[in-house]
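What the coordinates show
Here are the chains, one letter per residue:
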Amino acid sequence: MHSLLDNRATRPDRAGLHVVDLESDSDGSALADPAPAETSCTMTAAEVTAVVCAHPARLTNGMLTRALASVAAQTTPPAAMSVAVDLAREGAAVTRQRALDAVQTPWVAFLDSDDEWLPQHLEALCTVADSVERCIWVHSYFEPTGMGDPLGHFGLPFNPATPHHTTMTVLVRTDIAREVGFHGEHPDTRSPFCNEDWTFILGVCAIAVERDLIMMPLAERTWRYHGHGGNTSGMPHKGDAGR
């Protein structure tokens, strides 16, 4: 497996995008569409790209390195990583979309650059996706670190017709993710949140309800959600993004 901690993984191109193929040990930024996933899930982590987005401060404050190390430590590693850095300070929506556009696998797994996956995170989510008919999405729960639990949803069933927030640390079919996409910052400029994650969740929920597809919760804590006083909520000038 290609190391995610070498210079190629932490120095983006001028667009702030870097794609690493973890199986072939080569990198590039080809934007070919992934092969459509089957309606029933027959997938492994080899069909998954890990997407990590960051702002420039996290190239040097250790958070992105920690996030990438957690991907490298997976018991079942992904086929590739797409890392996008918000060099132009356009916010989380634009940055996530750019990273998503570079994905070439049928599935994508998101990780915020200030959080980290526990070693069995991807294996656990892929196992669920592979065992559930018509599955398009799996989300697990987190270990809150440096804060209390901001959601309080652990163990709750998930109904896409009446959804609750899952965070963006999810596994989702790439074709569905692209169909929904990430849209600009919250129209209310007074809001301290970008809300591109909640808008994305609602978009996937609408497709799941319309097409009778499944969004699966996993009642396991498979990643760490870090509260550190510099959380940006997706905004390009909030928290440590503004430093």
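Preceding block: the structure.
The structure displayed is predicted, hence computed values, not measured ones. (Residues numbered from 1 in each chain as written. Predicted model: local features only at pLDDT ≥ 70, side-chain atom pairs only at ≥ 80, totals over all residues. Heavy atoms only, no water.)

1. Focus: the nonpolar core
Defined as follows: Put simply, a nonpolar core is a bunch of buried Ala, Val, Leu, Ile, Met, Phe, Trp, Tyr and Cys residues held in one set by side-chain atoms that sit within 4.5 Å of each other. The buried label goes to any residue with under 20% of its type's maximum accessible area, the exposed label to any with over 50%, and the partly exposed label to all in between, with areas taken from a 1.4 Å probe on protein chains only. In this text, helices come from DSSP runs of H or I with a minimum length of four residues, and strands from runs of E with a minimum of two, each type numbered from the N-terminal end.
Judged by nonpolar contacts, the single largest core of 29 residues is most densely connected at Val48, Met81, Trp117, Leu122, Val138 and Leu171. For this core, the secondary structure elements donating two or more residues are β3 (48-54), α2 (63-72), β4 (80-85), β5 (107-112), α4 (121-131), β7 (135-145) and β9 (214-226). Ranked by size, the runner-up nonpolar core spans 27 residues in total, among them Val108, Ile136, Ile176 and Met215.

2. A look at the packing of aromatic side chains
Filter applied, for reference: Here a Phe, Tyr or Trp ring, Trp counted by its six-membered ring, pairs with any other such ring whose centre lies within 6.5 Å, and the pair is stacked when the planes are under 30 degrees apart, edge-to-face when over 60, and tilted otherwise. The criterion is that NZ of a Lys, or CZ of an Arg, lies within 6 Å of the ring centre and within 35 degrees of the ring normal, and then a charge sits over that ring.
Going through the model one piece at a time under the given rule, you end up with 9 aromatic pairs. Relative to phenylalanine 154, the ring of tyrosine 141 has its centre 5.4 Å away and its plane inclined at 65°; by these criteria the two rings are edge-to-face. Highlighted residues: tyrosine 141 in strand β7 and phenylalanine 154 in the loop between β7 and β8 (170-173), separated in sequence by 13 residues. Of the residues examined, phenylalanine 154 reaches a relative accessible area of 36% and is grouped as partly exposed. Following the ring pairs from residue to residue traces out a cluster consisting of Tyr141, Phe142, Phe154, Trp223 and Tyr225. Here arginine 221 stacks its cationic end above the ring of phenylalanine 154, 4.3 Å away from the centre of that ring.

3. Quick word on the pairing of β9
Test applied: Here, strands pair whenever DSSP counts at least two bridges between them.
Direction of pairing for strand β6 (residues 116-117) relative to β9: antiparallel, over a ladder of 2 bridges. What sits directly across from tryptophan 117, in β9, is tryptophan 223.

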